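Analysis of the macromolecular model
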Amino acid sequence: QKEVEQNSGPLSVPEGAIASLNCTYSDRGSQSFFWYRQYSGKSPELIMSIYSNGDKEDGRFTAQLNKASQYVSLLIRDSQPSDSATYLCAVRATPGYSSASKIIFGSGTRLSIRP
Amino acid sequence: DAGITQSPRYKITETGRQVTLMCHQTWSHSYMFWYRQDLGHGLRLIYYSAAADITDKGEVPDGYVVSRSKTENFPLTLESATRSQTSVYFCASSESGDSTDTQYFGPGTRLTVL
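Residues numbered from 1 in each chain as written. Chains lettered and ligands numbered in written order. Predicted model: local features only at pLDDT ≥ 70, side-chain atom pairs only at ≥ 80, totals over all residues. Heavy atoms only, no water.

Observations concerning the interface of chain A and chain B
- Taken together, the contact pairs 23 residues of chain A with 27 residues of chain B.
- In total, about 1,800 Å² of surface goes out of reach between chain A and chain B, with carbon and sulfur atoms giving 52% of it.
- Linking chain A to chain B there are zero salt bridges.
- Across the contact surface, chain A and chain B share three residue pairs in polar contact (both at pLDDT 80 or more).
- Elements that contribute at least two residues to the side of chain A that touches chain B include exactly strand 4 (32-38), strand 9 (85-92) and strand 10 (103-105) of chain A.
- Of all the elements, strand 4 of chain A adds the most residues to the side of chain A that touches chain B, at four residues.
- Residues belonging to the side of chain A that touches chain B are distributed by class as follows: ten nonpolar, nine polar and four charged. (Contact = heavy atoms within 4.5 Å. Buried area = accessible area lost by both parts, 1.4 Å probe. Salt bridge = Lys/Arg side-chain N within 4 Å of Asp/Glu carboxyl O. Polar contact = N/O pair within 3.5 Å; in protein donor to acceptor, adjacent residues only side chain to side chain. Helix = DSSP H or I, 4+ residues; strand = E, 2+ residues; numbered from the N terminus. Nonpolar A, V, L, I, M, F, W, Y, C, P; charged D, E, K, R; others polar.)

Here it is, written out as structure tokens:
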């Protein structure tokens, strides 16, 4: 079982609709959760981080975390063509020197916003 | 104010040759990381460093060597390149190892081993 799992997609969403991206993780003690956006040929860039259960909103983006279900999601409202990218879910392992700061990435979900 | 840079951006080499990928950050971040990204595998950690002269293995360290004599530099060396090491390599840095800390990525190096 992969430590961080995402549906690879592609996920096709019409412009203006809500895009919903999902991620599950296996380490129940994980504390920090991140969503990165990666455009083709570019490096990942952080768009959201969440550390406690519930929702966290930032502009058109909402991250949702449910630690009991080991599930984190990203909602993108009013999807725009510029949102077309691969979205990487990342989970920070439980702390301890040997694993400190190591982030485990999912393989990403490719999102396509169609006009 | 360049942040984090990598060089070269593109490299073609032959099997068996030694290759060094450079990573430089201007933020004085304590932590630095090397990842490789391959289709279907996402980002996989090769090595990381918590400070100068402190390095540790990640998920896929075999065939790679790192050093960190200065805080700002974290070179990755492929001692004898193999075709399976054809990949896109990303360097990243973060200020600390705290659980809320963010990693910032360099632009990547696309390496092809023939």
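And the narrative resumes.
Quick word on the state of the cysteines
- Per the counting criterion, the structure on display carries two disulfides over all chains.
- The disulfide bridge from C23(A) ends at C89(A), spanning 2.0 Å between sulfur atoms. Where C23(A) bonds to C89(A) through sulfur, the torsion about that S-S bond is close to -75 degrees, and the disulfide is left-handed. One end of the pair, C23(A), is in strand 3 (residues 19-25); the other, C89(A), is in strand 9, and 66 residues separate them in sequence.
- You can call C23(A) buried: its relative accessible area is 1%.
- By relative accessible area, which is 0% here, C89(A) ends up buried.
- Two residues, C23(B) and C91(B), share a disulfide whose sulfurs are 1.8 Å apart. A torsion of -75 degrees about the S-S bond marks the disulfide between C23(B) and C91(B) as left-handed. Taken together, the residues span a long stretch of sequence, with C23(B) in strand 3 (residues 19-25) and C91(B) in strand 9 (residues 87-94) at a distance of 68 residues. Judged on exposure class, the residue C23(B) and its partner C91(B) are both buried. (Disulfide = S-S within 2.5 Å. Buried < 20%, exposed > 50% of the residue type's maximum accessible area, 1.4 Å probe, protein only.)

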